[in-house]
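# Working through the structure, step by step
The lines below spell out each chain.
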Amino acid sequence: PLAKVGGKGLFVKEIEEALLDGRIDLAVHSMKDMPAEIPAGLCISAVPEREQPQDALVTRTGGGLDSLPQGARIGTSSLRRSAQLLHRRPDVEICGLRGNLDTRLAKLETEKLDAIVLAAAGLKRLGYEDRINAILDEETMLPAVGQGALCIESREADPRIQPLMEELNDAPTRTVVLAERAFLHRLEGGCQVPIAGHGHLEGDQLTLTGLVAGLDGKTMIKERLTGSSEAPETLGIRLADSLLERGAKTLLEELQTDE
């Protein structure tokens, strides 16, 4: 499991080291792979317009989640996805699934899985949109923080790079992602716990939904808050604090104890 081999930082550490020592000037990451803490001297210099943030279901039979047979085998190594799947369908069997997109799609057949769950954004970006059998709505599967968004990282106050990044930045996407990341940071969440957070911007109003779940999906603490888009990070922190007060703190402590 990813949580056992370094968590989210595993994907970005070497690239960030190259940024810090000047071997590269820009790094492009999937935002959902970015740890809550950015190393000193680096910054998120641009967040381009977001692709579809929801999760997608790819099945062998072509149906959606409710059409899967009793005891269906669903492939995912995401604790966030597995907890929400088990909350909706306690009967299913969650099977670990790793590898790049081609490998995961192939395992649908080779591992005799009934379905796999993947980010819709990745399938669309790599030309596999036709493999999507169902988009999982946010009531069923709240996306990961930053899912569908890219992160362009650079050195702070780099006079040559920063002006260029303004052309790539999408202000509405950045606002929503900042709220989501502040929510995650407040919860001190990584890959080891099922945490989800996703926001929507309408005019100057930002609505943020967050959840913390138990590994078996039986316990799920979920809430939605709306506030001003002028203070996205404040909204993320408020939402996290509310979940912590409602029992997420105990749940997170239990999950960390089990590691």
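This text follows the structure it describes.
Attention here is on the structure that accompanies the text. (Residues numbered from 1 in each chain as written. Predicted model: local features only at pLDDT ≥ 70, side-chain atom pairs only at ≥ 80, totals over all residues. Heavy atoms only, no water.)

## Quick notes on helix 2 (residues 79-88)
Counting along an α-helix, one turn takes 3.6 residues, and residues three or four places apart therefore face a common direction. In terms of burial, helix 2 is largely enclosed, as 7 of its 10 residues are buried. One side-chain oxygen at the N-terminal end of helix 2 lies 3.3 Å from the backbone nitrogen of Arg80; it belongs to Ser78. (Buried < 20%, exposed > 50% of the residue type's maximum accessible area, 1.4 Å probe, protein only. Helix = DSSP H or I, 4+ residues; strand = E, 2+ residues; numbered from the N terminus. Polar contact = N/O pair within 3.5 Å; in protein donor to acceptor, adjacent residues only side chain to side chain.)

## Comments concerning the pairing of strand 3 (residues 55-59)
Most of strand 3 is tucked away, with 5 of its 5 residues classed as buried. Because side chains alternate across strand 3, one face comprises the buried residues Asp55, Leu57 and Thr59, and the other comprises Ala56 and Val58, equally buried. Strand direction decides the pairing type here: strand 3 and strand 6 (residues 115-119), joined by 5 bridges, are antiparallel. Its bridge partner being in strand 6, Leu57 is matched across the sheet by Val117. Where strand 3 meets strand 7 (residues 134-136), 3 bridges bridge the pair, whose relative direction is antiparallel. Bridged to Leu57 within strand 7 is Ala134. (Pairing = 2+ DSSP bridges.)

## Some thoughts on the pattern of salt bridges
Summed over the entire model, instances satisfying the criterion amount to 16 salt bridges. One salt bridge in this structure joins Asp21 and Arg23, with 3.0 Å as the shortest N-O distance. Classification of Asp21 as partly exposed rests on a relative accessible area of 49%. Residue class for Arg23 comes out exposed when judged on its relative accessible area of 60%. Here Arg88 makes a salt bridge to Asp66, at a shortest N to O gap of 3.0 Å. Of the two residues, Arg88 sits in helix 2 while Asp66 sits in the loop between strand 3 and strand 4 (73-75), which places them 22 residues apart along the sequence. Residue Asp66 is classed as exposed on the basis of its relative accessible area of 56%. Here the salt bridges share partners, and the residues they tie into one network are Asp25, Arg155, Asp158 and Arg160. (Salt bridge = Lys/Arg side-chain N within 4 Å of Asp/Glu carboxyl O.)

## A word on the nonpolar core
Ranked by size, the top nonpolar core spans 21 residues in total, and within it Phe183, Leu187, Ile195, Leu208, Val212, Leu243 and Leu252 carry the most contacts. At the level of elements, helix 6 (171-187), strand 10 (205-213), strand 11 (220-228) and helix 7 (232-258) are the ones that each hand at least two residues to this core. Counting residues per element, this core draws most heavily on helix 7, which supplies 8 residues. Ignoring anything within four residues of it in the chain, the contact list for Phe183 reads Val145, Ile195, Ala196, Gly197, Leu208, Gly210, Leu211, Gly236, Leu239, Ala240 and Leu243. (Core = buried A, V, L, I, M, F, W, Y, C linked by side-chain atoms within 4.5 Å. Contact = heavy atoms within 4.5 Å.)

## Description of the environment of Gly199
Take Gly199: it is sitting in strand 9 (residues 195-202). Note: C-alpha distance between Gly199 and Lys112 (87 residues apart in sequence) is 35 Å. Not counting the four nearest positions on each side in its chain, Gly199 is found in contact with Val176, Glu180, Thr207 and Leu208.

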